[in-house]
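Each chain, letter by letter, is given below.
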Amino acid sequence: MNKFITYLFGILLLAQVNALALNCDLSKFKLGKNISNFEKEKIAFILGEPVKGIKSITIPIEFVCQDKGIKGTIISLFFIDEKVVRIIFQNQIVQNRSLFKLANSFYKSGFVKNQKIIDANEPEQYAIEKNEVYHLYANLRGINENIGNFLELFEIVDKKHEDAANKEAIIEEEK
């Protein structure tokens, strides 16, 4: 009987961990996707060009996902040559490590949390490079006058384009 209860608990825990991936269709939010996949987003939100040659759009996750566990997250997409080269997820509302879960469940980042850092209420920062792609995660908590504030970030960057904005900024500066 104890084995059955343990087994049942394990299945329920797994289902809970994967719930985020099941309730949101983020399949087009991947590196290499063409800008034409984001027609609805371009109609509803502004597609800008913050740096010459790099287009960008920022949308609330609620536009594509109704999962309450990830509410308040904004997604910023960056395009070079009409392809997604950087994705940034940012959350300052829900403190349930939803972006950490998203990174590991949907994007298979492979982050392993450092419980000592979490227990000490210190900033968490993880970086993994897989197949020429950077996966970066940060969970930053306010200290002193900023106690209570936090920022959770998850970023995916195509390594081939990581310095594109810096190169363009240098060119502009030299003019």
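Please read all numbers here as calculations on a predicted model, not as lab measurements.

### Focus: the packing of aromatic side chains
Moving on, step 1. Scanning the entire structure with this criterion turns up 14 aromatic pairs.
Moving on, step 2. With 5.6 Å between their ring centres and 70° between their planes, Phe 38 and Phe 79 make a pair best called edge-to-face. With Phe 38 in the loop between α1 (2–23) and α2 (39–44) and Phe 79 in strand β3 (residues 74–80), the pair connects residues that are 41 residues apart, well separated along the chain. There is no split in this pair, since Phe 38 and Phe 79 are both buried.

### Regarding the nonpolar core
As a rule of thumb, nonpolar side chains are buried together in soluble globular proteins.
Moving on, step 1. One finds Phe 29, Ile 75, Leu 77, Phe 89, Tyr 107 and Phe 154 to be the most contacted residues of the largest nonpolar core, which totals 27 residues.
Moving on, step 2. Broken down by secondary-structure element, the contributors of at least two residues to this core are β2 (54–60), β3, β4 (83–91), α3 (98–105), β6 (133–141) and β7 (150–158).
Moving on, step 3. Ignoring sequence-local partners within four residues, the contact set of Ile 75 consists of Phe 29, Ile 57, Thr 58, Ile 59, Ile 61, Ile 87, Ile 88 and Phe 89.

### Considerations on the environment of Arg 97
Moving on, step 1. By the element assignment, Arg 97 lies in the loop between β4 and α3.
Moving on, step 2. Taking relative accessible area as the criterion, Arg 97 reaches 17% and is therefore assigned buried.
Moving on, step 3. As for Arg 97 and Leu 153, which are separated by 56 residues in sequence, their C-alpha atoms are 9.7 Å apart.
Moving on, step 4. Here the side chain of Arg 97 touches Glu 124 through a polar contact of 2.5 Å, side chain to side chain.

### Some thoughts on the confidence of the model for the chain
Moving on, step 1. Summing up the model confidence of the chain, the mean pLDDT is 81 and the portion of residues at 70 or higher is 75%.
Moving on, step 2. Model confidence for the chain, summarised as mean pLDDT per element, is weakest for α1 at 41 and strongest for β4 at 96.
Moving on, step 3. In this model residues 1–22 is a low-confidence stretch, pLDDT under 50, and it forms nine contacts with partners more than four residues away in sequence or in other chains.

### Comments concerning the pattern of salt bridges
Moving on, step 1. Scanning all chains against the criterion turns up seven salt bridges.
Moving on, step 2. A salt bridge links Glu 39 to Lys 42; the nearest nitrogen and oxygen atoms lie 3.0 Å apart. Of this pair, Glu 39 and Lys 42 both sit in helix α2, three residues apart, roughly one helical turn.
Moving on, step 3. Here Glu 39 falls in the partly exposed class, since its relative accessible area comes to 40%.
Moving on, step 4. One salt bridge in this structure joins Glu 155 and Arg 86, with 2.4 Å as the shortest N-O distance. With Glu 155 in strand β7 and Arg 86 in strand β4, this residue pair connects regions lying 69 residues apart in the sequence.
Moving on, step 5. Residue classification places Arg 86 among the partly exposed positions, given a relative accessible area of 25%.

### A few points about unusual backbone geometry
Moving on, step 1. Within the chain, Glu 82 stands out as a residue other than glycine whose phi angle is a positive 70°.
Moving on, step 2. With respect to the element layout, Glu 82 can be found in the loop between β3 and β4.
Moving on, step 3. Phi at Asn 131 takes a positive value of approximately 50°, unusual for a residue other than glycine.
Moving on, step 4. Along the chain, Asn 131 turns up in the loop between β5 (124–130) and β6.

### Digging into the pairing of β6
Moving on, step 1. Of the strand pairs in this sheet, β5 and β6 are connected by seven bridges, and their pairing is antiparallel. Considered in β6, the bridge of Glu 124 is made with Asn 139.
Moving on, step 2. As consecutive antiparallel partners, β5 and β6 are separated by two residues, and within that stretch Asn 131 has a phi angle of approximately 50°, a positive value.
Moving on, step 3. Direction of pairing for β6 relative to β7: antiparallel, over a ladder of nine bridges. Opposite His 135, over in β7, you have Ile 156 as the bridge partner.

### Concerning α3
Moving on, step 1. The buried fraction of α3 amounts to six of the eight residues, a majority that puts the element mostly inside the structure.
Moving on, step 2. Where α3 is concerned, the buried positions are Ser 98, Leu 99, Phe 100, Leu 102, Ala 103 and Ser 105.

Here is what the cut-offs are and how they apply
- Residues numbered from 1 in each chain as written.
- Predicted model: local features only at pLDDT ≥ 70, side-chain atom pairs only at ≥ 80, totals over all residues.
- Heavy atoms only, no water.
- Phe/Tyr/Trp six-rings, centres within 6.5 Å; stacked < 30°, edge-to-face > 60°.
- Helix = DSSP H or I, 4+ residues; strand = E, 2+ residues; numbered from the N terminus.
- Buried < 20%, exposed > 50% of the residue type's maximum accessible area, 1.4 Å probe, protein only.
- Core = buried A, V, L, I, M, F, W, Y, C linked by side-chain atoms within 4.5 Å.
- Contact = heavy atoms within 4.5 Å.
- Polar contact = N/O pair within 3.5 Å; in protein donor to acceptor, adjacent residues only side chain to side chain.
- pLDDT = per-residue confidence, 0-100.
- Salt bridge = Lys/Arg side-chain N within 4 Å of Asp/Glu carboxyl O.
- Pairing = 2+ DSSP bridges.

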